[in-house]
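Overview (structure and organization)
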Amino acid sequence: MADLSVIAVMFASAMVPFAMMARLMLAQKSGLALSVISLIAAALAICVFASSRPMGIDPLRAIGIAMVCLLPALIGAGAGALLGHMILRRRLKD
C-alpha cells in the first residue's frame, strides 16, 4: 500500500506543474513559466547537494524529497511547457 501512495504522490507532483506550464505557455507568459521551472530546478539542486553535504537538512529526507517530489515536478513542468509551446505554435500557424 505504501508503494501505491508513493506513486500517487509522484503522479500528483508531476501533473500539477504539467497543467500549470501548459496553461502559462498557452497564455503566452513564457517568462513566468521559465521562472517557475528555474525555481523547481534550484530546489532540486539544493536537495541533491544537501544529501551529500552537511547543510542542516537530513540527507535521507533531502534525497527523498528530491526524487519523489521535485524530479517528477521538473519533468512534468518541462513536458507541459513543451506541449503548451507546440500547441501555441500550431494555433498561430493556422
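Here, every reference points to the structure presented above.
Everything in this summary refers to the structure shown in the same document. (Residues numbered from 1 in each chain as written. Predicted model: local features only at pLDDT ≥ 70, side-chain atom pairs only at ≥ 80, totals over all residues. Heavy atoms only, no water.)

Another aspect to go through is the overall build of the protein. For the protein, the helix and strand inventory stands at three helices and zero strands. Starting at the N terminus, the α and β elements of the protein follow one another as α-α-α. Whereas a compact globule of 94 residues would reach a radius of gyration of roughly 12 Å, the protein reaches 16 Å, over 25% beyond that. Over its C-alpha atoms, taken along the principal directions, the protein stretches across nearly 55 × 30 × 15 Å. Looking at the protein as a whole, 27% of its 94 residues qualify as buried. For the protein, restricting intrachain contacts to residue pairs at least 6 apart in sequence, the fraction spanning at least 24 positions comes to 67%. Carbon together with sulfur atoms contributes 73% to the accessible area of the protein, which is approximately 6400 Å² in total. (Helix = DSSP H or I, 4+ residues; strand = E, 2+ residues; numbered from the N terminus. Rg over C-alpha atoms; globule rule 2.2 N^0.38 Å. Buried < 20%, exposed > 50% of the residue type's maximum accessible area, 1.4 Å probe, protein only. Contact = heavy atoms within 4.5 Å. Areas by Shrake-Rupley, 256 points an atom, 1.4 Å probe, with all protein chains shown as cover.)

The next thing to look at is a nonpolar patch on the surface. Side chains of Ile-46, Phe-49, Met-55 and Ile-57 sit close together on the surface and give an oily, nonpolar patch of about 360 Å² of accessible area. Along the chain, Met-55 turns up in the loop between α2 (30-50) and α3 (59-93). For Met-55, a relative accessible area of 41% translates into the label partly exposed. (Patch = residues over 30% accessible without salt bridge, like charges linked within 9 Å, V, L, I, M, F, W, Y side chains within 5 Å. Salt bridge = Lys/Arg side-chain N within 4 Å of Asp/Glu carboxyl O.)

As a further point, take the environment of Ile-75. Along the chain, the position of Ile-75 falls in helix α3. Classification of Ile-75 by relative accessible area gives exposed; the value is 55%. Distance in space between the C-alpha atoms of Ile-75 and Met-55 is 26 Å, their sequence separation being 20 residues.

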